[in-house]
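# An overview of the molecular structure
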Amino acid sequence: MNRFIRVAATLAALWIGSAVSATAQDRAILNGYVTDQANGETLLFANIILKGTTRGANTNTSGYYRLVGIPPGTYTVQFTYVGYRTVERELTFAEGQTIRLDVALEPEGNVLGEVVVEADAEREEARNIGAARVQTQLIREVPAVLQADVFRSIQLIPGVKSANDFSSGLYIRGGGPDQTLILLDRTTVYNPSHFFGFFSTFNPDAIKDVRVYKGGYPAEYGGRLGSVIDLYNKDGNRNRMGGTLSLGMLSSRAMIEGPYARGSYMLAVRRSTIEPILAALRGSVENIPRSFYFYDVNGKVNADLDDRNKLNLAFYGGEDNVDFPAADDLDLLLKYGNRTMSGTWTHLFSDRMFGNLTVTGSRYFNRPVFDIGGTEITRSNDVYDVSLKGDLDRAVTESHNISVGFWAGNLVLTLDDTFDGMATTQSRIQTTYMSAYVQDTWKWGPRTTLTSGLRLNRFSAGDYLRLEPRVSLEHAPEPGLRLQAAYGRYYQFLTLITNEAFSGFDVWLTTDTGVPPAWGDQFVLGLKAYPADGWNLEVETYYRTMRDLFELEPRLNDTAGLDYAELFRRGRGFAYGAEILVQRSQGRLNGFVGYTWGTTRRRFENYNQERFFPPKHDRIHDLNVVANWHFNRRWKATGVFSYATGQAYTEVLGRTQVGDPFGSGTIDPVIVGKVNASRLPAYHRMDIGFTRTGTFFGWGTAEFQIQFINIYSRRNIWFYNYDLEKNPPTKSEIPLLPFIPTLTYTVQF
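Residues numbered from 1 in each chain as written. Predicted model: local features only at pLDDT ≥ 70, side-chain atom pairs only at ≥ 80, totals over all residues. Heavy atoms only, no water.

### A closer look at the overall build of the protein chain
A tally of helices and strands in the protein chain yields five helices and 50 strands. In terms of overall dimensions, the protein chain is globule-like: its C-alpha atoms have a radius of gyration of 27 Å, near the 27 Å expected for 749 residues. Over its C-alpha atoms, taken along the principal directions, the protein chain stretches across nearly 100 × 65 × 50 Å. In the protein chain, which comprises 749 residues, the proportion classed as buried is 54%. Partitioning the intrachain contacts of the protein chain with sequence separation of at least 6 by distance along the chain shows that 64% fall at a separation of at least 24. (Helix = DSSP H or I, 4+ residues; strand = E, 2+ residues; numbered from the N terminus. Rg over C-alpha atoms; globule rule 2.2 N^0.38 Å. Buried < 20%, exposed > 50% of the residue type's maximum accessible area, 1.4 Å probe, protein only. Contact = heavy atoms within 4.5 Å.)

See the structure below:
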C-alpha cells in the first residue's frame, strides 16, 4: 500500500507541476455541451472546428467540449456529428475571454444518403488508433438471429471474431472473452450474455453509445490484457415524453423516457416471448425446456444542479431462468444474471478543468443445479464488486492536455459446490484493487500528436504492484491521411473459467500468492485515409504478447488438499495480424468491407509437449461485407455476408489395443492428433433484411422488419460428435443455424 501511495503521489505531482505551468493566459477559451435538439441527449465525440484554422476538439463521454488558446479575433465555429445537420456560429473573442456555448444539433431524419457507418463528422475520434464506434442505428438494422444485438454487431468489425452462431462472445485480436473489459456507464459487467450466450445483455433501445478499443488503448483504462468495450445508457429525452415498443419472435422490448423539473429519465425493459413457441414444441420434440425466460431492465436518471454540476444514477438488472430436461435421467436448473449500479457527479472546476467522480457496484451470480438420476449437484457462484473512480482533465495550453484519474474497489468472489448434499468446494476470495493514471497529450504543430501515459495498479491478493507505460504517436502528412503507432503494457489480475456453449456457468478467479498476474505488450501500426468524399480506408497491423497466463488446470480430478497456486496451469501466447476496413458513408448504397488476417497461439506447461498450438478461436481469414440500399424514403435493405476460416479442433484418429498395465486383459485407448491441428470446413453465411418505416395510425412512427438468416442455408459445422464405442470411431456433424426468417415490429411515440 505504501509503495502504491508513493508512486501515485509522484504521478499526481507530475500532473500538478504541468498544470500550474499554463501559458497563453491572454488567449480565449470556448467550451460547452453539444446535445441532440430533438431529445436533449448529449452527443459523445461530436466535432467542433474553428473554420480556417487547424484548431478543433471533440466532446467527451459527458458531451462536453473545450477549445483553449484561441487568439483574439472573429471566427466561424462549426459543430458536426454523424446524422445531424451542421451548425455554424460566428463568434468574436477578446483577450482572456471565456465563452460558454451550448449547441443543440438537429437530426437530419430519414433521408436518402443517410449515413449508416462512420462519417466525416466523427473522423477525429473514430480514427484514433485501435478505436471504433458502433452506431445504435447499425445495431438495429443489421440482420440478426431473432433480435437486434449489440455484440453481434461488434463482431462485424475487423479484428473482432465470434466463436460460432450460438455465441455472442467477443474474441478480439487473439484474446478470449476474459481479456476484454466491458463497461456499462463506467461499471464492470462480468457476464454480458443471455440465452446461454446466444446474445448479449445490452438492450439496443437503452444504449446511446458503444466504443470499441481493440488494442493499444490509453492509460485511462486497465485491468485487461486485450481490449475495452465502453457502453453508455441513454440519458432520456429532455424535451418531451416518448417511448418505444418492439415485438419480436424471441423477446419484446419497451422503453419510456422524458423530462422532469431538473433533468431527464429513461427506463427500458426487455423480456423473452419464446415461451409460446416452446409450449407448442413440447410433446412433439424431445428435450424442450419445461420453462425458460429471461429479462433485463435498464434505467437512468439525470439531474442538472447548475451549469457546472450534473448528477446521474444508472442501473441495470438482468436474469436468465431455465428448467431443462437434458436426458431421461438428467435435469438442469439454471439461474444466472447481473446487477449493476453507478452514480456519477460531473463538475466543471474551471474553464480549463473538467472532472467526473463515480461510485459503482456490480454483481454477477449463477446457480446451476444438476439432477442426475436423483443425485443433485449444485453450484453457488457470486462476484461482488464495489468501487470509486475519478477522472480529471485539464487543458494546460492549446497544444497540451493532461488527464489523471484513479479507480479503487473491493472485489469478493465466492464459490460453493455440493454433491448429493455434501460440500465439495467452498471458496471465498476477497481482495482490494487500486489504480492511478496520468496521461499527457502534446500537439506538435497541426500535424503531429504524442499521447503518453502511465498506469499504476495494485492488487492485494498476492500483494502485486505493477506499472503500465502507454504511448501513441500520430502524424498527418496531409489532411486526408494519418500515420499512427502505439505501444502499451497491460496487466490482468483475473481469469475466467467459461464454457463456449453455455456461458451461464462462468466462474471468475483471481491472482494470489504464487499466481502472479498475466501481462503482455501490444504494438500497433495504423494508416487512416480518406481517398474520396464519403470513402474511408483504414489499415492496422498488430503484434501482442501474452505472458504468465493462468487458467484452471483441466486435468485435476481431486482438488482436496491442494494449495491455491496448484489449481492453475501457467502459459504464454502471442497474436499478430492485419486489418483492413473500406467503407462508403454516403449515398443510396453505403456500407463497409472488413477483412482480418490473424494468427494466435498458446503454450502451457506440461501440456502438448509444451509446444505452441492454436486455440479454437484462431481464424486465419475473416471477412465481413455489410451493405445498405435505400429504395425510397420508406423501404431499405441491409445485407451481411461473412466468411471465416474453419475453427481449429483436435481430430480423433482411431483406437489401438494394448495390454492393461494394471491387469491381465487389454484396453483400446483413443488415439488423437496434434492439439487443434485440424480445421472445420470454412464458415460462410449471408443474411438479408428489409425495413419499412411508416406511421402507427397517426399516433407515432412504426417500423416493420423482415429478415432472412442464412439465406442460402449453408450447413456450417459447429463441431464433430465422435462415437467412441465403435472402432474406428465414427463422427457426425453438429450443424450451426439453418435458414431462419424473423419478424420485428417497432412503434416509437
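And the narrative resumes.
### Digging into the sheet that holds strand E3 (residues 56-58)
Taken in spatial order, the four strands line up as E3-E2-E5-E6 in an open sheet, and their pairing is antiparallel. Both edges of this open sheet fall to E3 and strand E6 (87-93), since each of them pairs with a single strand only. Taken over all neighbouring pairs, the strand axes of this sheet differ in orientation by 20° on average, direction set aside. Judged from the seven bridges that link them, strand E5 (residues 73-80) and E6 form a sheet pairing that is antiparallel. What sits directly across from Tyr75, in E6, is Leu91. (Pairing = 2+ DSSP bridges. Axes fitted to C-alpha atoms, helices over the stretch in contact; angles between N-to-C directions.)

### A closer look at a nonpolar patch on the surface
Judged by side-chain polarity, Leu305, Leu311, Trp345, Phe349, Leu357, Val359, Leu388 and Phe406 come together as a nonpolar surface patch covering roughly 650 Å² of accessible area. In this fold, Phe406 is placed in strand E27 (residues 400-419). Overall, the relative accessible area of 35% leaves Phe406 in the partly exposed class. (Patch = residues over 30% accessible without salt bridge, like charges linked within 9 Å, V, L, I, M, F, W, Y side chains within 5 Å. Areas by Shrake-Rupley, 256 points an atom, 1.4 Å probe, with all protein chains shown as cover. Salt bridge = Lys/Arg side-chain N within 4 Å of Asp/Glu carboxyl O.)

### Comments concerning the sheet that holds strand E17 (residues 227-233)
An order of E9-E16-E17-E12-E13 is seen for the five strands of this open sheet, with the pairing classed as mixed. Across the chains shown, the open sheet's two edge strands, defined by having one partner strand only, are strand E9 (131-134) and strand E13 (187-188).

### Description of the side chain of Thr42
By the secondary structure assignment, Thr42 is in the loop between strand E1 (28-36) and strand E2 (47-50). The class for Thr42 is buried, based on a relative accessible area of 11%. A polar atom in the side chain of Thr42 sits 2.8 Å from the side chain of Lys208. Other than its neighbours up to four places away in sequence, Thr42 contacts Val34, Thr35, Ser62, Gly63, Lys208 and Asp235. (Polar contact = N/O pair within 3.5 Å; in protein donor to acceptor, adjacent residues only side chain to side chain.)

### Focus: unusual backbone geometry
Phi angles above zero are rare outside glycine, and Glu610 is one such case at about 55°. One can find Glu610 in the loop between strand E37 (589-604) and strand E38 (621-630). Its identity is not glycine, yet Ser713 carries a phi of approximately 50°, on the positive side. The topology assignment puts Ser713 in the loop between strand E47 (701-709) and strand E48 (717-723). Assessed through its relative accessible area of 43%, Ser713 is described here as partly exposed.

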